[in-house]
Amino acid sequence: MTTESDDLRIAELREHGEQALADAISCYQDRLLRIIDLRLAPQLSGRVDAADVLQEVFLEARKRLPRFLRDASVPVFVWLRGVVLDTLVHVHR
């Protein structure tokens, strides 16, 4: 279920694509970085920076954006959180 503000953000993503995605990630940056910091393995935290992971998240989200926009049944933040978690799995490998 999405809220009115989520509907607006999804409309922006449909209209402006990559730029709106960058804006969304910027808007949620603090929360996403907190998730990355909490879930990044201590063995990697010295070699991998949370900001670098967030850049990888942007690249992955850009690939997944068309599929997300086809359905868009969850809020943008929830979708981005999923991309973060998937990216962290990749980073840990």
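Whatever comes next refers back to the structure up there.
Residues numbered from 1 in each chain as written. Predicted model: local features only at pLDDT ≥ 70, side-chain atom pairs only at ≥ 80, totals over all residues. Heavy atoms only, no water.

Chemist: In this structure, what is going on with the side chain of Arg64? I would like to understand it.
Modeler: Position of Arg64 relative to the elements: it lies in helix α5 (residues 50-71). By relative accessible area, Arg64 is classed as buried at 18%. Among all residues touching Arg64, those that are not within four sequence positions of it are Trp79, Val83 and Asp86. (Helix = DSSP H or I, 4+ residues; strand = E, 2+ residues; numbered from the N terminus. Buried < 20%, exposed > 50% of the residue type's maximum accessible area, 1.4 Å probe, protein only. Contact = heavy atoms within 4.5 Å.)

Chemist: Is there a simple way to explain helix α1 (residues 4-16) in this structure?
Modeler: One full turn of an α-helix is made of 3.6 residues, so residues set three or four places apart face in the same direction. The terminal C-alpha atoms of α1, which comprises 13 residues, lie 18 Å apart, in line with the 18 Å expected from a rise of 1.5 Å per residue. Residues of α1 that are buried: Asp6, Arg9, Ile10 and Leu13. End-on view of α1: buried residues confined to an arc of 100°, all on one side of the axis. Residues Glu4, Ser5, Leu8 and Glu15 are exposed on α1 and point more than 90 degrees away from its buried face. Buried positions along α1 lie against α2 (18-27), α5 and α6 (76-92). (Expected span 1.5 Å × (residues − 1). Arc of directions from axis to C-beta.)

Chemist: Can you walk me through the pattern of salt bridges in this structure?
Modeler: A side chain with one charge may pair with a side chain of the opposite charge, provided their charged atoms come close. Inspection of the entire model under this criterion finds four salt bridges. The salt bridge involving Glu18 is made with Arg62; its shortest N-O contact spans 3.7 Å. Placement of Glu18 in helix α2 and of Arg62 in helix α5 is noted, with a sequence separation of 44 residues between them. Since its relative accessible area comes to 42%, Glu18 is described here as partly exposed. Note on Arg62: relative accessible area 39%, which makes it partly exposed. The salt bridge involving Arg64 is made with Glu60; its shortest N-O contact spans 2.9 Å. Taken as a pair, Arg64 and Glu60 lie in helix α5 at a separation of four residues, close to a single helical turn. On the accessibility criterion, Glu60 (24% relative accessible area) is partly exposed. (Salt bridge = Lys/Arg side-chain N within 4 Å of Asp/Glu carboxyl O.)

Chemist: Quick question: what am I supposed to make of the packing of aromatic side chains here?
Modeler: Centre-to-centre distance and the angle between the planes together describe a pair of aromatic rings. The tally for this structure, following the rule as stated, stands at two aromatic pairs. Taking 4.4 Å as the distance between ring centres and 15° as the angle between the ring planes, the aromatic pair formed by Phe68 and Trp79 counts as stacked. Of this pair, Phe68 sits in helix α5 while Trp79 sits in helix α6, placing them eleven residues apart in sequence. For Phe68, a relative accessible area of 7% translates into the label buried. Residue classification places Trp79 among the buried positions, given a relative accessible area of 11%. When the ring centre of Phe77 is taken as origin, the NZ or CZ atom of Arg31, which lies over that ring, is 3.7 Å away. (Phe/Tyr/Trp six-rings, centres within 6.5 Å; stacked < 30°, edge-to-face > 60°. Lys NZ or Arg CZ within 6 Å of the ring centre and 35° of its normal.)

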